[in-house]
Amino acid sequence: LSFGHNTHNQTAHDGYDKLTLPRLIYHLTNYKIIRMACGNEHTLALDDNKRCFSWGNNSNGQCGIGSDKLKVKHPERITSLPNDIRIVSAGADFSFFSAYKNDIYFCGKNHSFSANTNSTANTNNTTTTNNKANYDKPIKLTTCTNIMLIQDIQCGDKHALILTKEGHVYSWGNGDVGQLGITK
């Protein structure tokens, strides 16, 4: 079900600026969705077969479908991800995914944190805005290889947090108002 603001089809329903009552997302009725995440104007879904879907605003590549479409009207499968995703998380205009092997993937707007020069990004999937790369397909982050046993990933507007099963928290991204929990 989806409802709310819909200027970028983030509810997966055409023809509505907003939905005040929940409506079934027909494009997902053949899938058992086990986890969802909502960004400012895009939505992610994960099914029980570890497949990811996305829709909504894609102006920074946050839907991860490898397309320059500005708007994804209905759920589309993110085919460039491995088939073992277990966590999806959405920031304002970016997305994170974690696989069972603790690999972390990122797509969308790089807020000075996520996509690094050591990543396995294909330069064909990169656009640059304000000297910060945007990724329209998920890339594997190599800066997170020492983080073991990821329990959860949560994204804020321009930052992300990882909780490990040991209870450790890792933060990165834009920390201009203290949201990373570290001092400069």
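Thresholds, definitions, all that
Counting restarts for each chain, with residues numbered from 1 along the sequence as it is written. Only residues with pLDDT of 70 or above have their local features reported here, since the model is predicted, and side-chain atom pairs are shown and tallied only from 80 upward, although totals for entire chains, interfaces and linings are computed over all residues. Side-chain measures were taken over the full set of non-hydrogen atoms in the model, leaving aside hydrogen atoms and water. Two strands are said to pair when DSSP picks up at least two bridges between them. Only DSSP runs of H or I with at least four residues qualify as helices, and only runs of E with at least two residues qualify as strands; both kinds are numbered from the N terminus onward. Structural elements are reduced to axes, namely lines fitted to C-alpha atoms, with helices fitted over the stretch in contact, and the angle between N-to-C directions of any two is expressed from 0 to 180 degrees. Residues are treated as being in contact if the distance between any of their heavy atoms lies within 4.5 Å. By convention, a stacked pair of Phe, Tyr or Trp rings (six-membered ring in the case of Trp) has centres within 6.5 Å and planes under 30 degrees apart, an edge-to-face pair has planes over 60 apart, and any other such pair is tilted. The cut-offs for exposure are 20% and 50% of the maximum accessible area for each residue type, with area from a 1.4 Å probe on protein chains only; residues under the lower value are buried, those over the upper are exposed, and the others partly exposed.

Please clarify how the sheet that holds strand 14 (residues 169-173) should be interpreted in this entry.
Think of a sheet as strands paired side by side through backbone hydrogen bonds, with each pair either parallel or antiparallel. The strand order 12-13-14 describes an open sheet built from three strands, whose pairing is antiparallel. Strands with a single pairing partner mark the edges of an open sheet, and in this sheet they are strand 12 (150-155) and strand 14. If you compare each strand with its neighbour and ignore which way they point, the axes differ by 15° on average. In terms of strand pairing, strand 13 (residues 159-164) meets strand 14 through five bridges, oriented antiparallel. Bridging across to strand 14, I162 finds its partner in Y170.

For this particular structure, what's the right way to read the side chain of S98?
Looking at where S98 falls in the secondary structure, it is placed in strand 8 (residues 94-99). Ignoring anything within four residues of it in the chain, the contact list for S98 reads D84, I85, R86, I87, D103, I150 and I153.

In this structure, what is going on with the sheet that holds strand 6 (residues 71-77)? I would like to understand it.
Strands sit in the order 3-4-5-6 across an open sheet of four strands; the sheet is antiparallel. Both edges of this open sheet fall to strand 3 (33-38) and strand 6, since each of them pairs with a single strand only. Neighbouring strand axes in the sheet, compared pairwise and without regard to direction, differ in orientation by 10° on average. Sheet topology places strand 4 (residues 42-47) next to strand 5 (residues 52-57); five bridges connect them, and they run antiparallel. Within strand 5, the residue paired with A45 across the bridge is F53.

Would you mind showing me how to read the packing of aromatic side chains here?
Two aromatic rings, taken as a pair, are described by how far apart their centres are and by the angle between their planes. Applying the stated criterion across every chain, the model contains five aromatic pairs. With a centroid separation of 4.7 Å and an interplanar angle of 55°, the aromatic rings of Y31 and F53 are classed as tilted. Of this pair, Y31 sits in the loop between strand 2 (18-23) and strand 3 while F53 sits in strand 5, and the two are 22 residues apart along the sequence. Using a relative accessible area of 5% as the deciding quantity, one classes F53 as buried. Ring geometry for F94 versus F106: centroids 6.4 Å apart, planes at 35°, classification tilted. Of this pair, F94 sits in strand 8 while F106 sits in strand 9 (residues 104-109), and the two are 12 residues apart along the sequence. In this pair, the class of F94 matches that of F106, namely buried. Of the aromatic side chains, those joined through ring pairs into one cluster are F94, F96, F106 and Y135.

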